[in-house]
Each structure stands twice: as C-alpha cells, then as structure tokens.
Amino acid sequence: MALASGVRFAERALLRPWALLRGTTLGRTEPAAGGGGDGARRFGSQRVLVEPDAASGVAVMKLRNPPVNALSLELLTELVISLEKLENDKTFRGVILTSDCPRVFCAGLDLTEICGRNPAHCAEYWKAMQELWLRTYLSSLVLVAAINGACPAGGCIIALSCDCRVLADNPKYRIGLNETLLGIIAPFWLKDTYVNTIGHRASEQALQLGSLFPPAEALQVGLVDQVVPEDQVQSTALSEMARWLAVPDHARQLTKNMMRKATADRLLRQRDADTQNFVSFVCRDSIQKSLQAYLEKLRQRKG
Ligand SMILES: CCCC/C=C/CC(=O)SCCNC(=O)CCNC(=O)[C@H](O)C(C)(C)COP(=O)(O)OP(=O)(O)OC[C@H]1O[C@@H](n2cnc3c(N)ncnc32)[C@H](O)[C@@H]1OP(=O)(O)O
C-alpha cells in the first residue's frame, strides 16, 4: 500500500546535502555470529551496527560511539543513512534502537562539535541534528527505543521520536531534557516533541528545571511506556514491536503522519531560521563559556 502523499512529501522535503561526510564507513556488510543467510547478515557503519532479521521484518540498530554515544556529526550522519536504508528496503517494518555502549543510551549533542568551533561547522552540525529528528519523527517504520542506559537531552529526543520506549530499571539511567542546566535552551521542536509526549504542564516544569527522571518517575510522567529489569529490555522491546506490527502498515503510518506532521512541518518551514538561531546562540561568548565549563566539569568528575 502506497504511503499518503503527505508522508511522501515530508520525506522528499528532507534535505541531506551533508550526507557524504568525512570519516564515515557506510554500507559494510558482514555475517552475524553464527549467521548464514541474508536474514542473519549484519550491516551498518563504524558507529551504527544494524542486525537485520528479514524473517520478522525487524532490525536492531545499535549506537556504538564510545564512550557515551555523543551525537557527533559522523554518528548523526550514519544514523540517518542506516535508517534510510532500512526504510527503502520493503523487507523491514520495524527497528529497535538501542545502545552498544555500556550504561549509556546516548549522551545527547556532542558538545565538542559546538565548543570552540566556527559558525559554519555549528550550522552543518545543527542541520544534521534536525535531519535525524525529522527522519526518526516521521519514519514510516515502527521505531521502538530499547533504552539501556542514561538518556539525557539529545538522547531523550531520539527516544521520544520513536513510537514506543522501554527503559531499563536502573536509577542511574535517567531521561529528560536538561538543557537549562547547561545554560542553553531547547529549540521549539525539542519542546514540541516533549509537549506531544508528556503534555504542556509537565513539560513546562521539566524543561525549566532541566529535570532528568529516574525510571519510576519517567514512567509516571509518561516519558517512557515500560520500565523493566535490565536483562528484559530487549525482549520487552521485541514484544512491543510485535504489538505495533500487528496493525496494518498503511493504517498505522497514516495515523502516525496525522499525529506528527504539523510538528514536523513547523521545523520544515523554518529550518534555515532555526539553524541561524542555533548558530548565533551557541557562538556567543557567554554560551561558549558555559559549555566549556560544563564539559570541564564532566571531565573532572571522572576518577
Ligand atoms: C542551543 C540549543 C541546543 C539545544 C540542544 C541540546 C541538546 C543536548 O543534547 S546538549 C548535551 C547534553 N548532554 C548532557 O548533559 C550529558 C552529559 N553527559 C553525562 O551526563 C554523562 O557523561 C553520562 C550520564 C551520559 C555518562 O556518564 P559516565 O559516568 O558513564 O561517563 P562520563 O565519565 O561522564 O563521560 C565519559 C567521557 O565522555 C565525555 N562526554 C560525556 N557527555 C558528553 C557530551 N554530551 N559531549 C561530549 N563529550 C561528552 C566526558 O567528558 C568524558 O570525556 P573524557 O573521557 O575525555 O573525560
């Protein structure tokens, strides 16, 4: 069944001039351990490991940008390309997004991409971030986030762009948008994604306070759909996937588009202005100082 013209329009509208980037090694295919046929072949790139299961139509996509899966320009690019590859392959109907790095799902923006960088680099980086959000938010595939580690800021946004979230029950695995604690402000489309998930009042509080919710609170506020013991995250994500895949694709996709299109269109209409705002904001001396101080604090926290 063809997708609605709205879905096609939104997908076509996504620009990706930055797609061929330095340092990416895309499109490698290798046999999975013990695997043989096509359904058991892994593919992916240096920072994104894709384990496809053709029989079920589900692929597991693992972020592997150690130590904390910070969203470097390369990781953003490789994520978009891996997702696009699966979307273009009719074998696949769903993706489970998870982390290959212990204890961290994703640390959010790679702060080294916006600290001490020139405006052109910050602009390129922000466009890549917008692109990943648009791709995940509007994906025709079912996306389930299997959150097996800490999930702050940009990590939380990736999870919220999925259709469903399963979080491991570990008090260290907190999730939320903590931008204000870094002295920065979530752009409107991060805010919209938050509001669409947990409502206006809860977002108003959580965004201003920069709240990072431990699992039980994340479940209560509606940031995640299930909290389960760590060793059950993957199996629970698969069960959730089965529930979503039981629905005919065309009906689910059109409904998803109906729910999400207005939010995505808002960014599509003002992508350049959003990029300019981001660049002029992060390049301010005062913001650079805050970001440097935050990075320094992270580095000193160690050991
Ligand atoms: C202007 C509008 C912009 C709005 C959008 C903002 C969205 C964002 O995503 S802002 C980024 C916010 N992210 C965070 O606040 C997370 C910071 N990191 C952490 O809290 C912790 O690292 C962790 C809970 C994710 C993991 O803790 P763990 O103890 O396992 O690891 P660490 O020892 O803290 O870190 C190891 C290593 O990684 C560096 N690092 C951590 N996070 C980032 C990051 N976001 N960008 C770049 N680098 C990061 C950390 O400094 C350590 O580096 P060294 O090994 O060199 O010391």
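For the structure itself, consult the block above.
Rules used in this analysis
- Residues numbered from 1 in each chain as written.
- Predicted model: local features only at pLDDT ≥ 70, side-chain atom pairs only at ≥ 80, totals over all residues.
- Heavy atoms only, no water.
- Helix = DSSP H or I, 4+ residues; strand = E, 2+ residues; numbered from the N terminus.
- Buried < 20%, exposed > 50% of the residue type's maximum accessible area, 1.4 Å probe, protein only.
- Contact = heavy atoms within 4.5 Å.
- Areas by Shrake-Rupley, 256 points an atom, 1.4 Å probe, with all protein chains shown as cover.
- Expected span 1.5 Å × (residues − 1).
- Arc of directions from axis to C-beta.
- Pairing = 2+ DSSP bridges.
- Right-handed = clockwise from strand over helix to strand, strands pointing away.
- Phe/Tyr/Trp six-rings, centres within 6.5 Å; stacked < 30°, edge-to-face > 60°.
- Lys NZ or Arg CZ within 6 Å of the ring centre and 35° of its normal.

Peer 1: How should the overall build of the protein chain be read in this particular structure?
Peer 2: Counting secondary structure elements, the protein chain contains 11 helices and 10 strands. Burial analysis of the protein chain (303 residues in total) assigns 53% to the buried set. Considering only intrachain contacts with a sequence separation of at least 6, the fraction spanning at least 24 residues in the protein chain is 72%. Per element, the accessible surface of the protein chain, about 13700 Å² overall, is 54% carbon and sulfur.

Peer 1: Please explain the side chain of asparagine 178 as it appears in this structure.
Peer 2: Positionally, asparagine 178 belongs in the loop between β9 (175–176) and α5 (188–198). Of the residues examined, asparagine 178 reaches a relative accessible area of 6% and is grouped as buried. Not counting residues within four places of it along the chain, the set of residues in contact with asparagine 178 comprises Pro152, Ala153, Gly210, Leu212 and Tyr294.

Peer 1: Just checking my understanding: could you explain helix α10 (residues 271–282) for this structure?
Peer 2: Note: α-helices contain 3.6 residues per turn, so residues at a spacing of three or four share the same orientation. Helix length check: α10 (12 residues) gives 16 Å between terminal C-alpha atoms against 16 Å at 1.5 Å per residue, within 8%. Those residues of α10 lying buried are Arg271, Asp274, Thr275, Phe278, Val279, Phe281 and Val282. Along α10, the residues classed as buried sweep out an arc of 165° about the axis, all on the same side. Projecting away from the buried face of α10 at angles above 90 degrees are the exposed residues Asp272, Gln276 and Asn277. For α10, the secondary structure elements touched by its buried residues are α3 (119–137), α5, α9 (249–269) and α11 (285–301).

Peer 1: What should I look at first to understand the pairing of strand β5 (residues 94–99) in this one?
Peer 2: Along any regular strand the residues' side chains alternate between the sheet's two faces. By the criterion of burial, β5 is predominantly enclosed, with six of the six residues buried. Of the two faces of β5, the one lined by Gly94, Ile96 and Thr98 and the one lined by Val95, Leu97 and Ser99 are each fully buried. Pairing of strand β4 (residues 58–63) with β5 involves six bridges; the strand directions are parallel. Across the sheet, methionine 61 pairs through a bridge with leucine 97, a residue of β5. Remark: the β4/helix α2 (residues 73–87)/β5 crossover connection has right-handed handedness. Bridge count for β5 against strand β6 (residues 142–147) is four bridges, and the pairing is parallel. The partner of leucine 97 across the bridge, within β6, is alanine 145. Note that the unit made of β5, α3 and β6 has a crossover that is right-handed.

Peer 1: For this particular structure, what's the right way to read the pairing of β6?
Peer 2: A large share of β6 lies buried, amounting to six of its six residues. Residues of β6 alternate between two faces, with Val142, Val144 and Ala146 on one and Leu143, Ala145 and Ile147 on the opposite face, all of them buried. Sheet topology note: the β6/strand β8 (residues 164–168) ladder contains four bridges and is parallel. The residue of β8 that forms the bridge with valine 144 is cysteine 164.

Peer 1: Just checking my understanding: could you explain the packing of aromatic side chains for this structure?
Peer 2: Each aromatic ring pair is summarised here by two numbers: the centre-to-centre distance and the angle between the ring planes. Scanning the entire structure with this criterion turns up four aromatic pairs. A centroid spacing of 5.2 Å and a plane angle of 45° characterise the contact between tryptophan 133 and tryptophan 189, whose relative ring orientation is tilted. Here tryptophan 189 lies in helix α5 and tryptophan 133 lies in helix α3, a separation of 56 residues in the sequence. Among the aromatic side chains, those forming a connected cluster through ring pairs are Trp126, Trp133, Tyr137, Trp189 and Phe278. For the cation-ring pair, arginine 260 lies above tyrosine 137, with the distance from its terminal atom to the ring centre recorded as 4.4 Å.

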